[in-house]
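Understanding the architecture of this molecule
Read off the chains here:
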Amino acid sequence: MADYDQSAYRARPVGGTDAAIDQGLRAHMISVYNYMTLGLGVTGLVAYLTYATPALFGLIYGTPLAFVVMLAPLGIVWFAFGRIDRMSAATAQAWFWAFSAIMGLSLA
């Protein structure tokens, strides 16, 4: 049991490339959080505008189209999950914005 290498478990000093990796990771995570915040904003705005516009609200929720709108986010998730590895970044981002908007319709 005493033959294992303990160097892998020692704390590494902060500095050098570790700090650069930390800064890059921080910038990436801030970008991800900003996209998610904007996506929530789109969802909220679409939900509010749908609810605040009686003609649009009646068109969607006064007909069987309501079931399509309610199930559309699930369909997008299944579709995107099956194709995410073959999508470009721009296509995946477009699907994200479409999902955010349709989720707003669904939540209205």
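Look a little higher up for the structure.
Residues numbered from 1 in each chain as written. Predicted model: local features only at pLDDT ≥ 70, side-chain atom pairs only at ≥ 80, totals over all residues. Heavy atoms only, no water.

1. Examining the packing of helix α2 (residues 54-61) against helix α3 (residues 65-83)
Look at α2 against α3: their axes get within 6 Å of each other, and the N-to-C directions meet at 90 degrees. As far as their axial angle goes, α3 and α2 are roughly perpendicular. Contacts between α2 and α3 pair Leu59, Ile60 and Tyr61 from the former with Leu65, Ala66 and Val69 from the latter. Grouping the amino acids of the contact of α2 with α3 by side-chain chemistry returns six nonpolar, no polar and no charged. (Axes fitted to C-alpha atoms, helices over the stretch in contact; angles between N-to-C directions. Helix = DSSP H or I, 4+ residues; strand = E, 2+ residues; numbered from the N terminus. Parallel < 35°, antiparallel > 145°, perpendicular 65-115°, else oblique. Contact = heavy atoms within 4.5 Å. Nonpolar A, V, L, I, M, F, W, Y, C, P; charged D, E, K, R; others polar.)

2. Examining the packing of aromatic side chains
Tallying each qualifying case throughout the model produces five aromatic pairs. Here the aromatic rings of Tyr35 and Trp97 are separated by 6.2 Å at their centres, their planes lie at 55 degrees, and the arrangement is tilted. Placement of the pair is Tyr35 in helix α1 (residues 17-52) and Trp97 in helix α4 (residues 89-107), with a sequence separation of 62 residues. Classification of Tyr35 by relative accessible area gives partly exposed; the value is 36%. The exposure class assigned to Trp97 is partly exposed, which follows from its relative accessible area of 26%. Measuring from centroid to centroid gives 5.0 Å for Phe79 and Trp95, while their planes differ by 50 degrees, and the two rings are tilted. Of the two residues, Phe79 is situated in helix α3 and Trp95 in helix α4; the sequence distance between them amounts to 16 residues. Residue classification places Phe79 among the partly exposed residues on the basis of a relative accessible area of 36%. Exposure remark for Trp95: the relative accessible area of 30% places this residue in the partly exposed category. Grouping aromatic residues by their ring pairs yields a cluster made of Tyr35, Phe96 and Trp97. (Phe/Tyr/Trp six-rings, centres within 6.5 Å; stacked < 30°, edge-to-face > 60°. Buried < 20%, exposed > 50% of the residue type's maximum accessible area, 1.4 Å probe, protein only.)

In short, geometric facts, not functional conclusions.
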